[in-house]
Amino acid sequence: MFKPYFTFEKIEGYLNDNIDTFIYGRTTEDRDRFLYESFLENKSIKQYQFIIEDDIIYFIYNQEKIIIDDVIRDLPQLLDDYSIAGCNLLLDITSIDHKILFILIKLLLTKFQPSYLFAGYTLPLEYKRDDEYNYELSFDAQNFANFPGYTTRLDSVSEKIIAVILGYEGGRVNSLVESITKCTTILPIISFPGVNSNAKSIAFEKNIGDLESHNSLGEFYYSSIYHPFDIIEILNEINNCYHNKKYQLIVAPLGARTQSLGTAIFATYNRVTPLFDFPSEKELRSSGVQSCFISHLSHLLKTI
């Protein structure tokens, strides 16, 4: 699969000269502000922000704050009103909430296609933790449910294949499996290289109990954290293996935003069921900036 991604330093000049629209999320952490501050002085770039405050989704442009009551109804109207179709867009996925990210990706790929589409992801220098293996990045996880705009529901007949992208927090895999009937197989996907050299072992350590209890310590898949293309490739491989009417493929993106992006892209074009538990993210989860990567997604605007 074609995997065009770059370090920000390599493509910064090109982006400054060519993008005209920048969409980003919250700016509470160093990594959240990295791309935002990089383009702050470029007045030729329109900047749009999505944030969530007190469970209310806001769209912000030129200090105007618009409430999004219903993302299915309101988001397409906003993208139309602000002429997103046909623009040259950089989407900073670093801190865009999952409640917005998936439906936004689907709309950009299908109904409001930019002329050029780039996605940026900034890694922190370190995540907040109590010790080497104890990361607490979110709280108040809900029951697993569909993403807004993705309507393939769980059925009661098919055997379920779960492709789960592991994160640094334990317990979520068990909650996922317990919410699904007729779960046949769990296929774990681990990220690399991560923020530090122990990323693989941390993800494994935090989830080994859940995987053991469901007899899922067989085949593992490995995906780069730098871009979404590995996840698309892995899900395509899994989907081809289990492409049968008696199976239903479920994808749970519990890892990095790049892997959520890859899941959203794949689910837009394929009949799979993406599920998520929509936890609240802690306000300060990381510090510093390690690196930033830009994925060029324009070739995915038609098909994958």
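As the structure is a computational prediction, the values presented were derived from the model and not from experiment.

Consecutive side chains along a regular strand alternate between the two faces of the sheet. Bridging between strand β13 (residues 159–165) and strand β14 (residues 183–192) involves six bridges; their strand directions are parallel. Paired with Val-164 across the strands is Pro-188, a residue of β14. Inspection of the sheet shows β14 paired to strand β15 (residues 221–224) by four bridges, in the parallel sense. Within β15, the position partnered with Phe-192 by the bridge is Ser-224.

Now for the sheet that holds strand β17 (residues 273–276). Strand order in the open sheet formed by six strands is β12-β17-β16-β13-β14-β15, and the pairing between neighbours is mixed. Every other strand in the sheet has two partners, leaving β12 (145–146) and β15 as the edge strands with one partner each. The sheet strands contacting helix α8 (residues 257–269) are β13, β14, β15, β16 (247–253) and β17, and the helix crosses β16 at an angle near 150°.

Quick look at the side chain of Asp-32 now. Considering the arrangement of structural elements, one finds Asp-32 in helix α2 (residues 30–38). A distance of 3.4 Å separates the side chain of Asp-32 from the side chain of Thr-28, its partner in a polar contact. In this view, Asp-32 contacts Arg-26, Thr-27, Asp-92, Thr-94 and Ser-95; residues no more than four positions away in its chain are not counted.

Another aspect to go through is the environment of Gln-259. Mapped onto the secondary structure, Gln-259 falls in helix α8. Judged by relative accessible area, which is 0%, Gln-259 ranks as buried. It is 8.5 Å that separates the C-alpha atoms of Gln-259 and Ile-232, two residues lying 27 residues apart in sequence. Setting aside residues no more than four positions away along its own chain, Gln-259 makes contact with Ile-165, Ser-191, Ser-223, Ser-224, Ile-225, Ile-231 and Pro-253.

Glancing now at the packing of helix α4 (residues 98–110) against α8. Two elements in contact, α4 and α8, have axes whose closest approach is 9 Å; the angle formed by their N-to-C orientations is 45°. As the angle between them shows, α4 and α8 are arranged oblique. Our pair here, α4 against α8, has a crossing hand that is right-handed. Contacts between α4 and α8 involve His-98, Leu-101, Phe-102, Ile-105, Lys-106, Leu-109 and Thr-110 on the former and, on the latter, Arg-257, Ser-260, Leu-261, Thr-263, Ala-264, Ile-265, Thr-268 and Tyr-269. Classifying every residue of the contact of α4 with α8 by side-chain character gives eight nonpolar, five polar and two charged.

Spatial strand order, β1-β20-β7-β6-β2-β3-β4-β5: eight strands in an open sheet with mixed pairing. Of all strands in the sheet, those with a lone pairing partner are β1 (5–7) and β5 (64–68), marking the two edges. Sheet twist, expressed as the mean angle between neighbouring strand axes with direction ignored, is 20°. As judged from the six bridges shared by strand β7 (residues 116–123) and strand β20 (residues 291–296), these two strands associate in the antiparallel manner. Opposite Phe-118, over in β20, you have His-296 as the bridge partner.

Turning next to the packing of aromatic side chains. Inspection of every chain in the model, using the stated rule, returns 20 aromatic pairs. With a centroid separation of 6.0 Å and an interplanar angle of 85°, the aromatic rings of Phe-8 and Phe-39 are classed as edge-to-face. A residue pair is termed long-range when its members are at least 10 positions apart, and Phe-8 in helix α1 (residues 8–18) and Phe-39 in the loop between α2 and β3 (46–53) qualify at 31 residues. Of the two residues examined, Phe-8 and Phe-39, each falls in the buried class. Ring plane angle 75° and centroid distance 5.6 Å describe the contact between Tyr-61 and Tyr-82, whose orientation is recorded as edge-to-face. Of this pair, Tyr-61 sits in strand β4 (residues 56–61) while Tyr-82 is found in the loop between α3 (71–81) and β6 (88–92), placing the two residues 21 residues apart along the sequence. The pair formed by Tyr-61 and Tyr-82 is uniform in burial state, with each residue classed as buried. Through a chain of ring-to-ring contacts, the aromatic side chains of Phe-8, Phe-22, Tyr-24, Phe-34, Tyr-36 and Phe-39 assemble into a single cluster. Its guanidinium or amino end placed over the ring of Tyr-58, Lys-65 lies 4.6 Å from that ring's centre, counting from NZ or CZ. Directly above the aromatic system of Tyr-150 lies the positively charged group of Lys-106, at a separation of 4.9 Å from the ring centroid.

This model, assessed by the stated rule, comprises nine salt bridges. For Glu-53, the salt bridge is made with Lys-65, and the minimal N-O distance between the two is 3.0 Å. On the criterion of sequence distance, the pair formed by Glu-53 in strand β3 and Lys-65 in strand β5 is long-range, its members being twelve residues apart. The closest approach of N and O atoms between Asp-277 and Arg-172, which form a salt bridge, is 2.6 Å. Here Arg-172 lies in helix α5 (residues 172–178) and Asp-277 lies in the loop between β17 and β18 (280–281), a separation of 105 residues in the sequence. For the pair Asp-277 and Arg-172, a shared accessibility class is recorded, and that class is buried. Each member of the salt-bridge network shares a partner with another, and the members are Lys-3, Asp-230 and Glu-233.

Thresholds, definitions, all that
- Residues numbered from 1 in each chain as written.
- Predicted model: local features only at pLDDT ≥ 70, side-chain atom pairs only at ≥ 80, totals over all residues.
- Heavy atoms only, no water.
- Pairing = 2+ DSSP bridges.
- Helix = DSSP H or I, 4+ residues; strand = E, 2+ residues; numbered from the N terminus.
- Contact = heavy atoms within 4.5 Å.
- Axes fitted to C-alpha atoms, helices over the stretch in contact; angles between N-to-C directions.
- Polar contact = N/O pair within 3.5 Å; in protein donor to acceptor, adjacent residues only side chain to side chain.
- Buried < 20%, exposed > 50% of the residue type's maximum accessible area, 1.4 Å probe, protein only.
- Parallel < 35°, antiparallel > 145°, perpendicular 65-115°, else oblique.
- Left-handed = near helix turned anticlockwise from the far one by under 90°.
- Nonpolar A, V, L, I, M, F, W, Y, C, P; charged D, E, K, R; others polar.
- Phe/Tyr/Trp six-rings, centres within 6.5 Å; stacked < 30°, edge-to-face > 60°.
- Lys NZ or Arg CZ within 6 Å of the ring centre and 35° of its normal.
- Salt bridge = Lys/Arg side-chain N within 4 Å of Asp/Glu carboxyl O.

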